[in-house]
Structure formats: structure tokens, C-alpha cells
Amino acid sequence: MKILIVEDEPDLLESIAQSLEKESFLVEKAMDFDTALDKLLIYEYDCILLDIGLPNGSGLDLLKELKKENRKGSVIIISAKDSLDDKLAGLDLGADDYLVKPFHLAELNARVRSVLRRKKFGGQNTVELRNVSIDFSARTVKINKADLVLNRKEFDILTYFVSNKNRLVNKTSLAEHVWGDQIDEADNFEFIYSQIKNLRKKLKDHNAKIEIQAVYGLGYKLIET
Amino acid sequence: MKLINYTLLYTSIALLFIVGGWAGIFYVNMLDEIYDSIDDGLSNSKLLIIKKAQTDSTLLHKKYFGESNYSIQQISAENVSAVRDLYKDTLMYMDHEEEYEPVRLLTTTFSVSGNTLYELKIISSMVEEDDLIEDLLYAVLWLYVVLIVSVVVVNIIVLRKVWKPFYRLIDYLQQYRLGGESDKVPVGTTVREFRLLSETVSVLLERNLEVYNSQKQFIENASHELQTPLAISINKLELLAERSDVSEEQLQTIGHVIQSLERLTRLNKSLLLLSKIENKQFAVEETINFNGLVKKVMEDFIDLAEFKEVKLVCHEEGELVRYMNKDLAEILLTNLLKNAVVHNVPGGTVDITVQKDSFTIVNTGAPKALNEEKLFSRFYKESIEKGTTGLGLSIVKAILDLYKGSVTYTFSGKHIMVIHI
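Since the model is a prediction, treat every value here as computed from it, not as a measurement.

Visitor: Give a description of the overall build of chain A that names residues and reports values.
Guide: Secondary structure summary: chain A contains eight helices and 14 strands in total. Here the contacts in chain A between residues at least 6 apart in sequence split such that 56% fall between residues at least 24 apart. Taken as a whole, chain A presents about 9,800 Å² of accessible surface, with 46% of it coming from carbon and sulfur.

Structure follows, in C-alpha cells:
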């Protein structure tokens, strides 16, 4: 799958590109308005990561151009401005998601996976990972065809890990994804440990061929066994 | 002390001395004039009596005052006093008053047919000094009272009228909030000093507002500019942590650095949020049911509360519905609840009571009261809880200020926050 990153900050662009390449995406980069516009008009992308503040133009104008050309690619706006107006304008213009800098790469992965799933699979929004099958629309999980009952948070944790399989997931990133931005700074997120423990136990009890490993000092990692 | 009382105090003290001094001088002068006029009368009588005595010798035998006001006695030459005319004050028994009354007495000597010497005493009834002083005292007192009353009346009228622009300015300044919506400084007056005052205040406020705005803008810009370097740092470290050649020890260090950067991010976001609230950038408002919102936010904290062994209970005693920005309402509740849970003790409780126009959060925690004055100021931290920004309650305060609500903190074994909104 092809992703275009439009971002004027070279270091940030490089990090995002590296992270997405690890996910086996085909990544293209553009650092200014004109390059981005050229690429967008010539090629088709599955997903476009769009910075709003660009030299010689606004990302929002690119978005307008894109919609005028009726391109199918999903658009995720990445902006340094956590401004409601920008967010609404972006979503109104047809962006699929809006991410505020700074973000965790794991969160970006999850968002990219999510918009791609929504576009590509049409009605069928399921992901298979070894013997685990996750239906994102129905929010159900099956292991070896047997239902695995998860509460809302456990489901969110599992899907976040699945979107970031084999990647290191920082516990702050996990907490913010599952419990929301507002829960931040609460006791260093020690409390998520008990949730992970429950989820691990359920996966193990159902002989899932995936496992959540702790990475000491940082977070967790989902691996296939 | 009010200006009117202040003026009055000084005016009355000054008037006391002025009127008192004036009364003294007036009394002395008047007495002097009275003596003068009595003495003139006595002197005139003397001349008339001596003239008559030259022709009418019966007069020479009038040894006692009796019914008239003079007496004549023959005296020897040795007894003649050195002073020709001697005026003096003395007392004389008055039949009708039945007491001794002061009189003016003129003693003089004259001779009839060259060698016989006679002493002539003439009296004239005198002013009663004590009566005069008393009358004068009353008159002065009345004058004093009338003066003070006039001063009060004049002062009140003058203060009401002349000082009106001044009091209007004070009212204006009392209601003035830096960065809040205010009318222009009231100027309408012809008094030069007051106009100057108004203009000076106006310039001062404008300059303050400018500094305040540029400072707000600075915080916002600085926060925005920090986002990108923070993003780069965190993302680079995340990629670094994923490399296979990183040792476990290095991984831990990376973890610590990421945590610090995340903390910086949160601080930055909180500052940005504060400045946005103060800049009124949360325009979209809707009807918020706090009862529902409280339950939703509580749900978010269930896991944290369980981990901390804290019990969350919601009591609904009324329905609290307000028209405000939804994000801010949620941030308000989240920050308060987060505080109540994070600064709690194992086995503690958090009770939230929702009423018609307020809600109360009561929680267990440190067994001593927090500093109420500093509690809501930025970066104030009572505990050494790691990872907190010290901005949570400042944000609460800012949101409540925006919606003209209030928060009060009290301690009675438990920490109590009452929020009126």
C-alpha cells in the first residue's frame, strides 16, 4: 500500500517514513506544497498524511485540490495546531482523521490502519492474525473460531496492539489511546498493567497464538508465537 | 476613613481653634470697650457733681451712696492719694439682687473754696462678666455647630457633584478585569485633575492590556513552536528503542527520556489549553447535562481508581444542566476527578454530589488541609506526586472564570471542592 507523507520538517518526515516502512508500506515524501501537489495529481495513494502548515501553501488547500480531483486516498491531517477550527475545517473538507503533534508512532500506525481498513475492506472490516480474528465493526474477537469475550477497554487494547504488531508500544501511547487524552499523567499509567494482565490471561486461556510481552521501562509488544 | 469624614475631622479641628481664638479676642475687645464707655460716664458724672458741689453745699454732706450713685467725704491733706482719678472694680451690696454685685468705682478728690479737701466716690453698675462669658460661650458654640453643619452639607453636595467622576472611575476600576471585556475608561468631566486622572488610567490600562495580550500570544506561540521538536524527539527515540542492537539498560534510559518528553508535552498542552481558555477560543457551546457527563468521566477513571483502591460514588440530588463548551466541561470534571483519585489513599473514597446549580467532590487524602490560596495558582504542587504538571486546578479555575462560576475548597477531615457553575 502506498502512503504519501507531506511534512516540511525533515526529521519528523524521516521518523514517520521509517516507522511506516517497518509496517511494509510504500512510502513517498513531499516537503512543500508544490511537490505534494505534483505527486498527488500524478499518483494514486491509499493514504496521505498531511501537515497543515507548509511552506508556500496550506495543507487544507491540498485537501481541497484532492477532493476536487475526486481522489480515493484517505487523508490524515497531522498538525501542530490543536485548534478546533482547523480540525473541523479539515474534517469538513473530507479528511478522515486529525492527529495533533506530538504523537506516538504507535498511535499514527493505529490511525493509518484504521482509515485503510475502513476504505479498503468495504463492509467487511476484519483482521486475521494467526488464529485470532478481529471484527472491527462488530467489535468481536474470535480465537480458533471460538468467541473471546472482551470488555470495551480490553478490545481497544488488543486492537491497538494488533495495529502495531511486533512494534514497541509505549504505555503512555496505549493509555492515551484507550483511556483518552484526559487521563494523562495519572500515576505513570501503572494502572494499565492490571488491564493487560487480564487480557493476557484471556488470550492464554484461549490458546491464542499471539502474546503481549512487557518491555521493561517502556511498554509492551505484541508478538506472534 | 471616608474622604468626607476626613475633611470634616480636619475642618472641625481647624474651626475649633479659629472660632475659639476669635471668641477670646472678641471678648477682650468688647470688655475693653465696655470699661471705656463706663469710665467715660463716670468721668462725666464727676465733672457734673464737682460743678454742682461748688454752688450747693448740701451735697458736701452726702456721706453715703444711699439712693444716688455718689458719696462725698471730707478728708485731710495727708490722705490724698497720689493718683487723681482712680478707677477700680469692686463689689457692692445690691438690695434688689440681695447679693454683692460688681461695680465700677471712681475715686477722686476735689477742693471747695480753695482749702477744704473732699473725696468723691462715684459708682456705676458693671457688666456681670460671668454672664457675659456664658452668653458669649453659647453664641460661639452655636456658631461652631452651624459652621460644622454647613461644612458637612457643603461637603456632601460638593463631594456628590465634584467628586462624581472620581467615584465613577473607582467603580470602573473595581469592575475592571485584565483581559476581560470592558468599556472605555469614563472621562466625562470638566475638572482638569480628574480628566488627567482618567486619561492616565486609560493609558496605563491600555499598556497593561497590550503587555498581557502579547504575553498570552507568546505562551501560545511558544507552545506551538515546541510541538514539532517534541514530536521529532519522541518519535526518534521510539524508533531507536525498536532497534535490535539496543541493550536492556539503554532501553530503560530511552524509556526515561521518553517519559520526560511526554511530561513536557503534557505541560505544553496544558499551557496551550490555559491560554486558549483565556483567549476564549472555545466558542462552540451546547447544552451539557452534568449528571451524564459525571458518570462518563467516572467511567474513564474506574480502572485508575481500582488500581489505587479508591471507591468512586456518584450521588444525584438534582439535575445540573448548563450551556457551555463540551470539551471544557469534560476537562473541568476530568481534572477535578483526577486530582481526587490521584491524591487519595488506598481504601479511600471519592463522593461526587450533583445538585441543581452546583456539584461537590469530597475525597479522602492527605490528613491536612491544602493551601487554599495557592491551590489554584499555576505550578503549585502540594505533594511530590511524580509526573503531575501542577496546572490541573489552574485549568479548572480558568474554565470556571470563563463561565463566571466558582470553586471553593474546604477541609474537614476530607477534602471538599464545591463547584458552582
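The structure having been displayed, the exposition proceeds.
Visitor: Quick rundown of the overall build of chain B? Include the residues and the values.
Guide: In terms of helices and strands, chain B carries eight helices and eleven strands. Burial analysis of chain B (421 residues in total) assigns 39% to the buried set. For chain B, restricting intrachain contacts to residue pairs at least 6 apart in sequence, the fraction spanning at least 24 positions comes to 65%. Summed over its atoms, the accessible surface of chain B is roughly 24,800 Å², and 57% of this surface lies on carbon and sulfur atoms.

Visitor: How would you sum up a negative patch on the surface? Please name residues and give values.
Guide: Residue and element names in this part refer to chain B. Taken together, Asp32, Glu33, Asp36 and Asp40 make up a surface patch of like negative charges. Relative to the assigned elements, glutamate 33 resides in helix H1 (residues 3-55). Here glutamate 33 falls in the exposed class, since its relative accessible area comes to 52%.

Visitor: Which residues make up the pairing of strand E10 (residues 406-411) of chain B, and what values do they have?
Guide: Residues and elements named next belong to chain B. In terms of strand pairing, E10 meets strand E11 (residues 415-420) through six bridges, oriented antiparallel. Directly across from threonine 408, in E11, lies its bridge partner valine 418. Count of turn residues in the E10/E11 antiparallel hairpin: three residues, of which glycine 413 carries a positive phi of about 85 degrees.

Visitor: Give a description of the sheet that holds strand E1 (residues 2-6) of chain A that names residues and reports values.
Guide: Residues and elements named next belong to chain A. An order of E2-E1-E3-E6-E7 is seen for the five strands of this open sheet, with the pairing classed as parallel. At either end of the open sheet lies a strand with only one pairing partner, and these are strand E2 (26-30) and strand E7 (97-100). Pairwise comparison of adjacent strand axes, ignoring direction, gives a mean angle of 20 degrees for this sheet. Sheet analysis places E1 next to E2, joined by five bridges and oriented parallel. Within E2, the position partnered with leucine 4 by the bridge is glutamate 28.

Visitor: An account of the pattern of salt bridges is requested, with residue identities and associated values reported.
Guide: All names here are of chain A. Following the criterion strictly, the structure yields 28 salt bridges over all chains and no others. Measuring nitrogen to oxygen at the nearest pair gives 3.4 Å for the salt bridge that ties lysine 68 to glutamate 65. Residue lysine 68 and its partner glutamate 65 are both found in helix H3 (residues 59-68); the two are separated by three residues, about one turn of the helix. Given a relative accessible area of 24%, glutamate 65 falls into the partly exposed group. Of the charged contacts in the structure, one is a salt bridge between aspartate 205 and lysine 201, with a shortest N-O distance of 3.4 Å. Note that aspartate 205 and lysine 201 are positioned in helix H8 (residues 192-205) at a spacing of four residues, about one turn of the helix.

Visitor: Summarise helix H5 (residues 248-278) of chain B; cite the residues concerned and give the values.
Guide: The terminal C-alpha atoms of H5 of chain B, which comprises 31 residues, lie 45 Å apart, in line with the 45 Å expected from a rise of 1.5 Å per residue. Following H5 of chain B by one or two positions, lysine 280 of chain B has its phi on the positive side, about 55 degrees.

Visitor: Break down the interface of chain B and chain A for me, citing the residues and quoting the values.
Guide: By a widely used convention, the size of an interface equals the accessible area lost when the partners come together. In this complex, chain B contributes 41 residues to the contact, which on the side of chain A involves 43 residues. Sorting the residues of chain B by area buried against chain A places Leu239, Glu242 and Asp303 of chain B first, and these three jointly supply 15% of that buried surface. Linking chain B with chain A are four salt bridges. Close ionic contact of glutamate 242 of chain B with arginine 167 of chain A constitutes a salt bridge, the shortest N to O distance being 2.7 Å. On the surface where chain B and chain A come into contact, there are 13 residue pairs in polar contact (both at pLDDT 80 or more). Elements with a minimum of two residues in the side of chain B that touches chain A: helix H4 (192-241), H5, helix H6 (290-307) and helix H7 (326-342) of chain B. If one sorts the elements of the side of chain B that touches chain A by residue count, H4 of chain B sits on top with twelve residues. Within the side of chain B that touches chain A, the residues separate by chemical class into 14 nonpolar, twelve polar and 15 charged.

Visitor: Go over helix H6 (residues 152-163) of chain A with me, naming the residues and quoting the values.
Guide: The periodicity of an α-helix, 3.6 residues per turn, causes residues three or four positions apart to be oriented the same way. All names here are of chain A. The end-to-end C-alpha distance of H6, which contains twelve residues, comes to 17 Å, matching closely the 16 Å that a straight helix rising 1.5 Å per residue would cover. When you tally the buried positions in H6, you get eleven out of twelve residues, the bulk of the element. Buried within H6 we find Lys153, Glu154, Phe155, Asp156, Ile157, Leu158, Thr159, Tyr160, Phe161, Val162 and Ser163. Sitting at the amino-terminal end of H6 is asparagine 151, which places a side-chain oxygen 3.1 Å from the backbone nitrogen of lysine 153.

Visitor: Which residues make up the side chain of lysine 153 of chain A, and what values go with them?
Guide: Mapping lysine 153 of chain A onto the fold places it in helix H6. Apart from residues no more than four positions distant in its own chain, lysine 153 of chain A is found in contact with Val178, Trp179 and Gln195 of chain A together with Glu299 and Asp303 of chain B.

Visitor: Quick rundown of the sheet that holds strand E12 (residues 168-170) of chain A? Include the residues and the values.
Guide: All names here are of chain A. Taken together, the three strands give an open sheet; going across it, the order is E12-E14-E13, and neighbouring strands pair in antiparallel fashion. For this open sheet the edge positions go to E12 and strand E13 (210-215), each flanked by a neighbour on one side alone. Ignoring which end each strand starts from, the neighbouring axes of this sheet average 30 degrees apart. Across six bridges, the pairing between E13 and strand E14 (residues 219-224) is antiparallel. Looking across to E14, one finds that isoleucine 212 is bridged to leucine 222. Seen against the sheet, helix H7 (residues 171-179) touches E12 and E14 and runs at an angle of roughly 65 degrees to E12.

Visitor: Give a description of the packing of H6 of chain B against H7 of chain B that names residues and reports values.
Guide: Residues and elements named next belong to chain B. Viewed as axis vectors pointing N to C, H6 and H7 meet at an angle of 40 degrees, and their least axial separation amounts to 10 Å. The pairing of H6 with H7 is recorded here as oblique in orientation. Two packed elements cross with a definite hand, and for H6 against H7 that hand is right-handed. Contacts between H6 and H7 involve Phe290, Leu293, Val294, Lys296, Val297, Met298, Phe301, Leu304 and Ala305 from the former and Ala329, Glu330, Leu332, Leu333, Thr334, Leu337, Lys338, Val341 and Val342 from the latter.

Visitor: Give a detailed account of the side chain of glutamine 227 of chain B, specifying residues and quantitative values.
Guide: For glutamine 227 of chain B, the location among the structural elements is in helix H4. On the accessibility criterion, glutamine 227 of chain B (1% relative accessible area) is buried. A polar side-chain atom of glutamine 227 of chain B sits 3.2 Å from a polar atom in the side chain of asparagine 268 of chain B. Discounting residues that sit within four places of it in the chain, glutamine 227 of chain B has contacts with Ala80, Val100, Lys101 and Pro102 of chain A together with Asn268 and Leu272 of chain B.

Visitor: Pulling in residues and values, what's your account of the confidence of the model for chain B?
Guide: Overall, the prediction assigns chain B a mean pLDDT of 85, with 96% of residues at 70 or greater. Listed scores for the predicted complex are pTM 0.67 and ipTM 0.87.

Visitor: Requested: an account of the packing of aromatic side chains, with residues and values cited.
Guide: Residues and elements named next belong to chain B. Taken as a whole and assessed by the stated rule, the structure comprises twelve aromatic pairs over all chains. Pairing tryptophan 163 with phenylalanine 166 gives two aromatic rings, centres 5.1 Å apart and planes at 85 degrees, and the pair type is edge-to-face. The partly exposed category is assigned to tryptophan 163, whose relative accessible area is 25%. Arranged with centres 5.9 Å apart and planes meeting at 45 degrees, the rings of tyrosine 172 and tyrosine 176 form a pair that is tilted.

Calculation rules
Residues numbered from 1 in each chain as written. Chains lettered and ligands numbered in written order. Predicted model: local features only at pLDDT ≥ 70, side-chain atom pairs only at ≥ 80, totals over all residues. Heavy atoms only, no water. Helix = DSSP H or I, 4+ residues; strand = E, 2+ residues; numbered from the N terminus. Contact = heavy atoms within 4.5 Å. Areas by Shrake-Rupley, 256 points an atom, 1.4 Å probe, with all protein chains shown as cover. Buried < 20%, exposed > 50% of the residue type's maximum accessible area, 1.4 Å probe, protein only. Patch = residues over 30% accessible without salt bridge, like charges linked within 9 Å, V, L, I, M, F, W, Y side chains within 5 Å. Salt bridge = Lys/Arg side-chain N within 4 Å of Asp/Glu carboxyl O. Lys, Arg positive; Asp, Glu negative; His and termini not counted. Charge placed at Lys NZ, Arg CZ, Asp CG, Glu CD. Pairing = 2+ DSSP bridges. Axes fitted to C-alpha atoms, helices over the stretch in contact; angles between N-to-C directions. Expected span 1.5 Å × (residues − 1). Buried area = accessible area lost by both parts, 1.4 Å probe. Polar contact = N/O pair within 3.5 Å; in protein donor to acceptor, adjacent residues only side chain to side chain. Nonpolar A, V, L, I, M, F, W, Y, C, P; charged D, E, K, R; others polar. Parallel < 35°, antiparallel > 145°, perpendicular 65-115°, else oblique. Left-handed = near helix turned anticlockwise from the far one by under 90°. pLDDT = per-residue confidence, 0-100. Phe/Tyr/Trp six-rings, centres within 6.5 Å; stacked < 30°, edge-to-face > 60°.

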